[in-house]
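# Structural overview
Here is what each chain is made of, one letter per residue.
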Amino acid sequence: MKVLNKEELLAIKGGTISGTYINALVKGIDVILDLGRSLGTAIHRWVTGNVCPL
């Protein structure tokens, strides 16, 4: 194993977008879309008067 000095360590470039990051991003987008869908449905029901009485 080669020992790297400080300049070599600072020059290292790397990293990729892994499946875990993509999965987390997609789940986050799904949550935002579900919240928007729920809010839109609630507003639509309130405007049209299709609200269940308590």
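In what follows, the structure referred to is the one given above.
This text gives an overview of the structure that appears in the document. Each chain has its residues counted from 1, running along the sequence as written. Owing to the predicted nature of the model, reporting of local features is limited to residues with pLDDT of at least 70; listing and counting of side-chain atom pairs is limited to 80 or more, with chain, interface and lining totals taken over all residues. Each side-chain value is derived from all of the structure's non-hydrogen atoms; neither hydrogens nor water enter the calculation.

## Description of the overall build of the protein
- Scanning the protein for helices and strands turns up 2 helices and 0 strands.
- For this measure, only C-alpha atoms enter the radius of gyration; the expected value for a globule follows 2.2 Å times N^0.38, where N is the number of residues. Its C-alpha atoms give the protein a radius of gyration of 24 Å, more than 25% over the compact-globule value 10 Å for 54 residues.
- Expressed as lengths along the three principal axes of its C-alpha atoms, the size of the protein is roughly 70 × 20 × 15 Å.
- Reported accessibility uses the Shrake-Rupley method at a 1.4 Å probe radius. Residues are deemed covered only where the shown protein chains occlude them. A total accessible area of about 5,400 Å² is found for the protein, and carbon and sulfur atoms account for 68% of it.
- Looking at charge distribution, the protein has the averaged site of its 6 positive side-chain charges lying 5 Å from that of its 4 negative ones. Elements are defined by DSSP. Helices are runs of H or I of four residues or more, strands are runs of E of two residues or more, and each kind is numbered from the N terminus. Residues scored as charged are limited to Lys and Arg (positive) and Asp and Glu (negative), so that His and the chain ends carry no count. To locate a charge, the coordinates of NZ of Lys, CZ of Arg, CG of Asp or CD of Glu are taken.

## A closer look at helix α2 (residues 19-48)
- Multiplying 1.5 Å by the helix residue count minus one yields the expected span of that helix. Look at α2: 43 Å from first C-alpha to last across 30 residues, which is about the 44 Å you get at 1.5 Å a residue.
- Backbone geometry just downstream of α2 places Gly49 in the positive-phi region, at approximately 85°.

## Describing the pattern of salt bridges
- Every case where a carboxyl oxygen of Asp or Glu lies within 4 Å of a side-chain nitrogen of Lys or Arg is listed as a salt bridge. Taken as a whole and assessed by the stated rule, the structure comprises 2 salt bridges.
- For Glu8, the salt bridge is made with Lys2, and the minimal N-O distance between the two is 3.7 Å.
- Each residue's exposure class comes from its accessible area (1.4 Å probe, protein chains only) as a fraction of the maximum for that residue type: buried when under 20%, exposed when over 50%, partly exposed otherwise. Among the residues examined, Glu8 registers a relative accessible area of 30% and is labelled partly exposed.
- Arg37 serves as the salt-bridge partner of Asp34, at 2.9 Å between the closest nitrogen and oxygen. Taken as a pair, Asp34 and Arg37 lie in helix α2 at a separation of 3 residues, close to a single helical turn.
- Given a relative accessible area of 42%, Asp34 falls into the partly exposed group.

## Concerning a nonpolar patch on the surface
- Only residues above 30% relative accessible area that lack a salt bridge enter a patch, with like-charged residues linked at up to 9 Å and the nonpolar side chains Val, Leu, Ile, Met, Phe, Trp and Tyr linked at up to 5 Å. Taken together, the side chains of Leu39, Ile43, Trp46, Val47 and Val51 present a nonpolar region at the surface, about 580 Å² in accessible area.
- Summarising the element assignment, Ile43 is placed in helix α2.
- The exposure class assigned to Ile43 is partly exposed, which follows from its relative accessible area of 46%.

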